[in-house]
Amino acid sequence: AEHPQFELAGRQQSAAGGIVSFEVRGGREQAWRLIDSMRMLSITANLGDTKTTITHPATTTHRQLSPDGLARAGVSTDLVRLSIGIEHIDDIIADLDQALAAA
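Residues numbered from 1 in each chain as written. Predicted model: local features only at pLDDT ≥ 70, side-chain atom pairs only at ≥ 80, totals over all residues. Heavy atoms only, no water.

### Side note on the environment of Ala 31
Part 1 of the argument: On the secondary structure map, Ala 31 appears in helix H2 (residues 27-37).
Part 2 of the argument: By relative accessible area, which is 0% here, Ala 31 ends up buried.
Part 3 of the argument: Between the alpha carbons of Ala 31 and Gly 18 there is a distance of 20 Å; along the sequence they are 13 residues apart.
Part 4 of the argument: Apart from the residues within four sequence positions on either side, Ala 31 is in contact with Val 24, His 56, Thr 77, Asp 78 and Val 80. (Helix = DSSP H or I, 4+ residues; strand = E, 2+ residues; numbered from the N terminus. Buried < 20%, exposed > 50% of the residue type's maximum accessible area, 1.4 Å probe, protein only. Contact = heavy atoms within 4.5 Å.)

### Things to note about the nonpolar core
Part 1 of the argument: One finds Val 24, Ala 31, Leu 34, Ile 35, Met 38, Leu 41, Ile 54, Val 80, Leu 82, Leu 96 and Ala 99 forming the largest nonpolar core, which totals eleven residues.
Part 2 of the argument: Where this core is concerned, the elements lending two or more residues are H2, strand S4 (79-84) and helix H4 (89-102).
Part 3 of the argument: For this core, the element with the most residues is H2, which contributes three residues. (Core = buried A, V, L, I, M, F, W, Y, C linked by side-chain atoms within 4.5 Å.)

### A few points about the side chain of His 56
Part 1 of the argument: Considering the arrangement of structural elements, one finds His 56 in the loop between strand S3 (53-55) and helix H3 (67-73).
Part 2 of the argument: The class for His 56 is buried, based on a relative accessible area of 0%.
Part 3 of the argument: A distance of 2.6 Å separates a polar atom in the side chain of His 56 from the backbone oxygen of Thr 77. (Polar contact = N/O pair within 3.5 Å; in protein donor to acceptor, adjacent residues only side chain to side chain.)

### Re the pattern of salt bridges
Part 1 of the argument: A full pass over the atoms with the stated rule returns one salt bridge.
Part 2 of the argument: Salt-bridge contacts for Arg 33 lead to Glu 29; the nearest nitrogen and oxygen are separated by 2.9 Å. A residue pair is termed a helical-turn pair when its members lie 3 or 4 positions apart in one helix, as Arg 33 and Glu 29 do in helix H2 at four residues.
Part 3 of the argument: Accessibility expressed as a relative area gives 36% for Arg 33, which makes it partly exposed.
Part 4 of the argument: Residue classification places Glu 29 among the exposed positions, given a relative accessible area of 57%. (Salt bridge = Lys/Arg side-chain N within 4 Å of Asp/Glu carboxyl O.)

### Describing the environment of Leu 96
Part 1 of the argument: Within the secondary structure layout, Leu 96 lies in helix H4.
Part 2 of the argument: Measuring from C-alpha to C-alpha, the distance between Leu 96 and Ala 9 comes to 29 Å, with 87 residues separating the pair along the chain.
Part 3 of the argument: Among all residues touching Leu 96, those that are not within four sequence positions of it are Phe 22, Met 38 and Leu 82.

### Focus: the pairing of S4
Part 1 of the argument: In terms of burial, S4 is a largely internal element, five of the six residues being buried.
Part 2 of the argument: Across six bridges, strand S1 (residues 18-23) lies against S4 in antiparallel orientation. Across the sheet, residue Ser 21 finds its bridge partner in S4, namely Arg 81.
Part 3 of the argument: Both S3 and S4 contribute to a ladder of three bridges, which runs antiparallel. The residue of S4 that forms the bridge with Ile 54 is Leu 82. (Pairing = 2+ DSSP bridges.)

Okay, here's the thing in structure tokens:
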């Protein structure tokens, strides 16, 4: 409620969106192994969609930054980002669980 655009957001949308970021052990290689193991989630650099998407920010949305710039932005090579869509949450969790097990 303290955000300067809180009222605007309330007029434009009925609920908040969800972005989840987390780091996996093993750096870039393990992050991509996880992403490539997803069966349902779409791999994309776009975070705004009705479907749930997964991305590796260091090589997609933030790829133009230097290593120092990535560090300042808090983007590590093992960071993975999910933008949650309209699928049933149980389906999203199941896909993530199987990908974590496969990776």
